[in-house]
Amino acid sequence: MALSGISRVRRQLPTSPWLFAAPGLLVTGAFVLYPFISTLVNSFTDRRTLIPGRFVGLANFRELLHDDMFWTGLRNSTLYVLGVVPLLVVLPLLLALLVQKNIPGITFFRSAFYTPVVASIVVVGLIWVWLLDDRGLVNAMLETVGVGRVGFLSDQWLLLMSAMAVTVWKGLGYYMIIYLAALGNVPRELHEAAAVDGAGAVRRFLSVTVPAVRSTMVLVGALSSVAAFKVFSEVYLLAGPSGGPAGEDTTLVMLVQRTGTGLTGRVGYASALSVVVFAVTVALMLLVLRADRKEDS
């Protein structure tokens, strides 16, 4: 009796791993794989919100090339990457070095720096709108010192830079934690040997710390590049649904949302925009990894 029970369990074992993986596979298929395939298929159709649509081939992608708003969104998303990524690679590392020291009260500062990460982006956006509005706190302080009001939320470029500031401020704590984990694996003997050789703090940072955490810097660069190119909430909350003055601060993801939603939304065209965003983000990650491999070689 016992032997038959053991043999029955053995026959069932090969399927057991799939039973454990089934919930995760179902969730991934329903919320990742199916939407991706659906978007890819829709990008070749003229589908609208309430109309199934028909196959139009590459017509949506050809239309992109002549769409001024597409080029505006691509320009703003690219500028966002160029403005945000270098800061999110360097500043969190410096912040991690600062809070790495075991001194009294440092836990409070670690928590304070991480607080923006767990705060709701909507709440964060509203706070920054109140700060940077024409009648906000920042302009009130500028008027007090005689500078005058600055159109942080009404000027095209100042609005984009203000959104970048929000992204950097909110992301500092997240990437700081990643760097803290990497710095914990740097042997202290390397710093001590460099100090014995007469290297100062800056020299030790460039010759010991940076090479030791270079792979982490590549990871942070890849993650922040993808997040910056797909930015939506910060610009949307500061600029509004219109994308700032005359829509000049619209990003690609904002354009996808604006084009593909509503009762008359152009789902097919928005899907083509989404495919372009996906292709560019993959290209960004491949470029970062390629640059890392070149340095290794």
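Residues numbered from 1 in each chain as written. Predicted model: local features only at pLDDT ≥ 70, side-chain atom pairs only at ≥ 80, totals over all residues. Heavy atoms only, no water.

## Here's the deal with the packing of aromatic side chains
Inspection of every chain in the model, using the stated rule, returns seven aromatic pairs. Relative to tryptophan 71, the ring of phenylalanine 70 lies with its centre 5.1 Å away and its plane at 65°, an arrangement referred to as edge-to-face. Over the face of the ring belonging to tyrosine 269 we find arginine 266, whose NZ or CZ atom lies 4.5 Å from the ring centre. (Phe/Tyr/Trp six-rings, centres within 6.5 Å; stacked < 30°, edge-to-face > 60°. Lys NZ or Arg CZ within 6 Å of the ring centre and 35° of its normal.)

## Description of the side chain of threonine 216
Assignment of secondary structure puts threonine 216 in helix H11 (residues 214–229). Classification of threonine 216 by relative accessible area gives buried; the value is 13%. (Helix = DSSP H or I, 4+ residues; strand = E, 2+ residues; numbered from the N terminus. Buried < 20%, exposed > 50% of the residue type's maximum accessible area, 1.4 Å probe, protein only.)

## Remarks on the nonpolar core
Counting residues in hydrophobic clusters, the biggest one holds 58 residues, and the most contacted among them are Leu64 and Tyr80. Going through the elements one at a time, helix H3 (59–65), helix H4 (68–99), helix H6 (121–132), helix H8 (156–183), H11, helix H12 (233–239), helix H13 (252–260) and helix H14 (267–296) are the ones with two or more residues in this core. Considering every element that reaches this core, the biggest residue donor is H8, with 13 residues. With residues near it in sequence (within four places) discarded, leucine 64 still touches Phe70, Trp71, Tyr269, Ala272, Leu273 and Val276. (Core = buried A, V, L, I, M, F, W, Y, C linked by side-chain atoms within 4.5 Å. Contact = heavy atoms within 4.5 Å.)

## Overview of a nonpolar patch on the surface
A grouping of Leu33, Phe36, Ile37, Leu40, Val41, Phe278, Val282, Leu286 and Leu289 is seen on the molecular surface, where their side chains present a nonpolar patch of about 780 Å² in accessible area. Among the elements that line the nonpolar patch, the one with the most residues is helix H2 (residues 16–42), at five residues. Mapped onto the fold, phenylalanine 36 is located in helix H2. Under the relative-accessibility criterion, phenylalanine 36 is labelled partly exposed at 38%. (Patch = residues over 30% accessible without salt bridge, like charges linked within 9 Å, V, L, I, M, F, W, Y side chains within 5 Å. Areas by Shrake-Rupley, 256 points an atom, 1.4 Å probe, with all protein chains shown as cover. Salt bridge = Lys/Arg side-chain N within 4 Å of Asp/Glu carboxyl O.)

Don't take any of this as a statement about function, it's just geometry.
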